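Residue strings, one per chain:
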Amino acid sequence: MIIYEKQLKEMLEQNEEMIRLLYCLSDLDLPFDYYVAAGCVANTVWNRLSGNAIDYGISDVDLVYYDKENQLSEKEFQRILSGMLKSFPYQLDIKNQANVHLWYEEKFGFAIPAYTSVKEAIASWPTTATAVGVKMEKNKKMTVYAPYHLDDLFSMKVVPNKVIVTKEIYECKARKWKAKWPHLVVYNW
């Protein structure tokens, strides 16, 4: 994991916009745990491994945080970051994981229990390869959270994580990714 973690950090550092976002978040001194996570992180790795441009296939950046007291709404967080990140090329998809259970059933058709942390939320995501988050600490060192390690991500394996998602959600995501990164090995549900 240590070798992959070092490679992940080096790959992310090649995406100037992602690094700019991570530094901005670090400077905010947020009172809650957060990560830049999921597709934007995995896509960066897959791009480097596939010889694509660093930003190929990245349309948005998932920013997840856990603020049970709702000290900072998603809209306010968006406003703050938009003001700091002039001309940021990606859409920011900001979600307070403390509130996901409130809207999940309406969006996906089934209820989930409330998450107790941002790490618990990341660990429930559809694949082991995309259940990964990064953040920049105050000391400007990047921290990686990968509950299923980084082997599948760097092996370009899309393996289902059945903690919460359905077969349909997994297969839809896997098809979409396989179309963009044909070298991915997609495992059956």
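Above this text sits the structure in question.
These notes cover the structure that comes with them. It should be emphasised that the depicted structure is a prediction, and the values quoted were computed from it without experimental measurement. (Residues numbered from 1 in each chain as written. Predicted model: local features only at pLDDT ≥ 70, side-chain atom pairs only at ≥ 80, totals over all residues. Heavy atoms only, no water.)

**What to know about the pattern of salt bridges**
The full count for this structure, using the stated rule, is eight salt bridges. Lys 140 serves as the salt-bridge partner of Asp 27, at 2.9 Å between the closest nitrogen and oxygen. In this pair, Asp 27 is assigned in helix 2 (residues 16–28) and Lys 140 in the loop between strand 4 (133–136) and strand 5 (142–145), connecting sequence segments 113 residues apart. (Salt bridge = Lys/Arg side-chain N within 4 Å of Asp/Glu carboxyl O. Helix = DSSP H or I, 4+ residues; strand = E, 2+ residues; numbered from the N terminus.)

**Quick word on the pairing of strand 5**
The pairing of strand 4 with strand 5 spans four bridges and is classified as antiparallel. Along strand 5, the bridge assignment pairs Met 136 with Met 142. Hairpin connection from strand 4 to strand 5: five residues lie between these consecutive antiparallel strands, with Lys 140 at a positive phi of about 70°. (Pairing = 2+ DSSP bridges.)

**Some thoughts on the packing of aromatic side chains**
Across all of its chains, the model carries 13 aromatic pairs by this definition. Ring geometry for Phe 32 against Phe 77: centres 6.0 Å apart, planes inclined by 70°, an arrangement best described as edge-to-face. Here Phe 32 is found in the loop between helix 2 and strand 1 (33–37), whereas its partner Phe 77 is found in helix 4 (residues 74–84), with 45 residues between them in sequence. Overall, Phe 77 belongs to the buried group, its relative accessible area being 0%. In textbook terms, an aromatic cluster arises when at least three aromatic residues are bridged by ring pairs, as seen for Trp 46, Tyr 56, Trp 177 and Trp 181. (Phe/Tyr/Trp six-rings, centres within 6.5 Å; stacked < 30°, edge-to-face > 60°. Buried < 20%, exposed > 50% of the residue type's maximum accessible area, 1.4 Å probe, protein only.)

**Re the pairing of strand 1**
With four of its five residues buried, strand 1 lies for the most part within the structure. Both strand 1 and strand 2 (residues 60–66) contribute to a ladder of five bridges, which runs antiparallel. Counterpart to Tyr 34 in the pairing with strand 2 is Tyr 65. Here strand 1 runs beside strand 4; their pairing, made up of two bridges, is antiparallel. By the bridge assignment for strand 4, Ala 37 is matched with Gly 133.

**Some details on unusual backbone geometry**
Phi is positive for Ser 87, which is not a glycine, with a value near 55°. One non-glycine residue with positive phi stands out, namely His 149, at about 65°. In this structure, His 149 sits in the loop between strand 5 and helix 7 (151–154). By relative accessible area, His 149 is classed as partly exposed at 45%.

**A few points about the packing of helix 2 against helix 4**
Where helix 2 contacts helix 4, the axes come no closer than 11 Å and their chain directions differ by 120°. By the criterion of interaxial angle, the relationship of helix 2 to helix 4 is oblique. Crossing geometry of helix 2 relative to helix 4 is assigned as right-handed. Contacts between helix 2 and helix 4 involve Arg 20, Leu 21, Cys 24, Leu 25 and Leu 28 from the first element and Phe 77, Ile 80, Leu 81 and Met 84 from the second. (Axes fitted to C-alpha atoms, helices over the stretch in contact; angles between N-to-C directions. Parallel < 35°, antiparallel > 145°, perpendicular 65-115°, else oblique. Left-handed = near helix turned anticlockwise from the far one by under 90°. Contact = heavy atoms within 4.5 Å.)

**Things to note about the sheet that holds strand 4**
Pairing within the open sheet is mixed, and its five strands lie in the order 3-2-1-4-5. Looking at which strands have only one partner, the edges of the open sheet turn out to be strand 3 (91–96) and strand 5. On average, each strand axis in the sheet is tilted by 30° relative to the strand beside it, whichever way the strands run.

**Focus on helix 2**
If you check helix 2, its first and last C-alpha atoms are 19 Å apart, about what 13 residues at 1.5 Å a residue would give, namely 18 Å. Residues of helix 2 that are buried include every one of Met 18, Ile 19, Leu 21, Leu 22, Cys 24, Leu 25 and Ser 26, and no others. At the exit of helix 2 stands Asp 29, carrying a positive phi of roughly 50°. (Expected span 1.5 Å × (residues − 1).)

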